[in-house]
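# A look at the structure
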Amino acid sequence: MVNLEYVKHVLNLPLSDEEMRNIASPELEVFIHTSFKFLQLGTFLGSIFGPLTHMYKSRKSKSKYTTVFHALKQTSRKSAMLFFLIGSPLSIYILQNSTKEKNFKRAYGLRMHITQSNVDRGALLGGTTGLLLANLSSAKMIHGGFYGFALGTLGGILYNQTL
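Summarised in this report is the structure supplied together with it. Residue numbers restart at each chain and count upward from 1, following the sequence in its written direction. Given that the model is predicted, a residue must reach a pLDDT of at least 70 before its local features are reported, and side-chain atom pairs must reach 80 or more before they are shown or counted; all residues, however, enter totals for whole chains, interfaces and linings. Side-chain figures throughout are based on the complete set of non-hydrogen atoms in the structure, without hydrogens or water.

## Things to note about the overall build of the chain
- Secondary structure elements follow DSSP: runs of H or I of four or more residues count as helices, runs of E of two or more count as strands, with numbering from the N terminus. Helix and strand counts for the chain come out as seven helices and zero strands.
- In sequence order, the secondary structure elements of the chain are arranged as α-α-α-α-α-α-α.
- The buried share of the chain, reckoned over its 163 residues, is 39%.
- Computed by Shrake-Rupley with a 1.4 Å probe, the accessible areas treat only the displayed protein chains as cover when residues are assessed. By element, 69% of the accessible surface of the chain is carried by carbon and sulfur atoms, the whole surface being about 10000 Å².
- His residues and chain termini do not enter the charge count, which takes Lys and Arg as positive and Asp and Glu as negative. To locate a charge, the coordinates of NZ of Lys, CZ of Arg, CG of Asp or CD of Glu are taken. The averaged location of the 8 negative side-chain charges in the chain is 24 Å from the averaged location of its 18 positive side-chain charges. Classification of residues uses two cut-offs on accessible area relative to the type maximum, computed with a 1.4 Å probe and protein chains only: under 20% is buried, over 50% is exposed, and between them is partly exposed.

Okay, here's the thing in structure tokens:
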């Protein structure tokens, strides 16, 4: 299970080096990080290729996608789920075939890597915001979460460029 230090790290609260080294479950922290990366890649690629495929299909004939927004919704969700379903078992396989010491070093390295943490925080914040906004509107929460996750990932990347 994750400990208080991990939660404080995710929330970007200050931690001493000793607290950074207090990793209760390095395998879980690495799994969470790699799952985030696969979800980020899936939502990001879906957000790019959805509108592009819509424009291509709508030029050729009547598309089943009625709007670019609908295409974005469909491809972002599908690609995110596909990448998550591929990434999770792959992460588990890699972690099981690694030593406890290597997993600890990886988890500690992820905690120390500020830019990776910023992108993960941005995705988490964006996804949570998207879920909440979708809940307030008539949209489906899952779609709001995926949009927010993709926009939060982009926000985290852009934030890192200003550092």
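## So, the side chain of His-9
- Within the element layout of this structure, His-9 appears in helix H1 (residues 4–10).
- Pairs of N or O atoms are called polar contacts if they sit within 3.5 Å, as long as, within protein, a hydrogen donor faces a hydrogen acceptor (for residues adjacent in sequence, only side-chain-to-side-chain pairs). In terms of polar contacts, His-9 uses its side chain to reach the side chain of Ser-117, at 3.2 Å.
- Residues are treated as being in contact if the distance between any of their heavy atoms lies within 4.5 Å. Those residues in contact with His-9, other than ones at most four positions away along the chain, are Leu-15, Met-20, Leu-110, Arg-111, Ser-117 and Arg-121.

## Points about helix H5 (residues 100–112)
- The end-to-end C-alpha distance of H5, which contains 13 residues, comes to 18 Å, matching closely the 18 Å that a straight helix rising 1.5 Å per residue would cover.
- Looking at H5, one finds that the buried residues are Asn-103, Ala-107, Tyr-108, Leu-110 and Arg-111. Seen end-on, H5 carries its buried residues on one side only, within an arc spanning 160 degrees. Pointing more than 90 degrees away from the buried face of H5 are the exposed residues Glu-101, Lys-102 and Lys-105. What a helix should span is 1.5 Å times the count of its residues minus one. Within this analysis, the arc is defined by the directions that extend from the helix axis to the C-beta atoms.

## Overview of a nonpolar patch on the surface
- Like-charged residues are merged into a patch within 9 Å and nonpolar side chains (Val, Leu, Ile, Met, Phe, Trp, Tyr) within 5 Å, provided each residue has over 30% relative accessible area and no salt bridge. Within this document, salt bridges are pairs made up of a side-chain nitrogen of Lys or Arg and a carboxyl oxygen of Asp or Glu, the two lying within 4 Å of each other. Together, Phe-44, Ile-48, Phe-49, Leu-52, Met-55, Leu-151, Leu-154 and Leu-158 give the surface a local cluster of nonpolar side chains, amounting to about 730 Å² of exposed area.
- When residues of the nonpolar patch are assigned to their parent elements, the largest contribution, five residues, is made by helix H3 (residues 26–60).
- For Phe-49, the position within the fold is in helix H3.
- Judged by relative accessible area, which is 47%, Phe-49 ranks as partly exposed.

## Some words on the packing of aromatic side chains
- Each Phe, Tyr or Trp ring (for Trp, its six-membered ring) is paired with any other whose centre lies within 6.5 Å, and the angle between the two planes then decides the class: stacked below 30 degrees, edge-to-face above 60, tilted in between. Counting across every chain of the model gives one aromatic pair.
- When the ring centre of Tyr-108 is taken as origin, the NZ or CZ atom of Arg-21, which lies over that ring, is 4.5 Å away. Cation placement over rings: the criterion is NZ of Lys or CZ of Arg within 6 Å of the ring centroid and within 35° of the ring normal.

## Notes on unusual backbone geometry
- Positive phi values are uncommon outside glycine, yet Asn-12 reaches one of about 65 degrees.
- You can call Asn-12 exposed: its relative accessible area is 51%.

## Regarding the nonpolar core
- In this description, a nonpolar core means a group of buried Ala, Val, Leu, Ile, Met, Phe, Trp, Tyr and Cys residues linked to one another through side-chain atoms lying within 4.5 Å. Membership of the largest hydrophobic core is limited to eight residues, which are Leu-15, Met-20, Ile-23, Val-30, Leu-95, Ala-107, Tyr-108 and Leu-110.
- In terms of residue count, H5 provides more of this core than any other element does, three residues in total.
- Among residues more than four places away in sequence, those in contact with Leu-15 are Glu-5, Lys-8, His-9 and Met-20.
- Formed by six residues, the second largest nonpolar core is a distinct cluster that contains Phe-36, Leu-39, Ala-80 and Phe-149.

## With respect to the packing of helix H6 (residues 114–136) against helix H7 (residues 141–162)
- Between N-to-C directions, angles span 0 to 180 degrees; the directions come from axes that are lines fitted to C-alpha atoms, helices contributing only their stretch in contact. Interaxial distance between H6 and H7 falls to 6 Å at its minimum, and their mutual angle equals 150 degrees. Viewed along their axes, H6 and H7 adopt a mutual orientation that is roughly antiparallel. The hand of the H6/H7 crossing is right-handed. Within the contact between the two elements, H6 uses Thr-115, Asn-118, Val-119, Gly-122, Ala-123, Gly-126, Gly-127, Gly-130, Leu-131, Ala-134 and Asn-135 and H7 uses Met-141, Ile-142, Gly-144, Gly-145, Gly-148, Phe-149, Gly-152, Thr-153, Gly-156, Ile-157, Tyr-159 and Asn-160.
- Of the residues in the contact of H6 with H7, the class split is nine nonpolar, 14 polar and no charged. Note on angle classes: values under 35 degrees are labelled roughly parallel, values over 145 roughly antiparallel, values of 65 to 115 roughly perpendicular, and the remainder oblique. Crossing chirality is assigned from the near helix's rotation relative to the far helix, an anticlockwise turn below a right angle marking it left-handed and a clockwise turn marking it right-handed. As a working rule, the residues Ala, Val, Leu, Ile, Met, Phe, Trp, Tyr, Cys and Pro are called nonpolar, Asp, Glu, Lys and Arg charged, and the rest polar, with Gly in that last group.

These results come straight from atomic positions and should not be treated as a statement about function.
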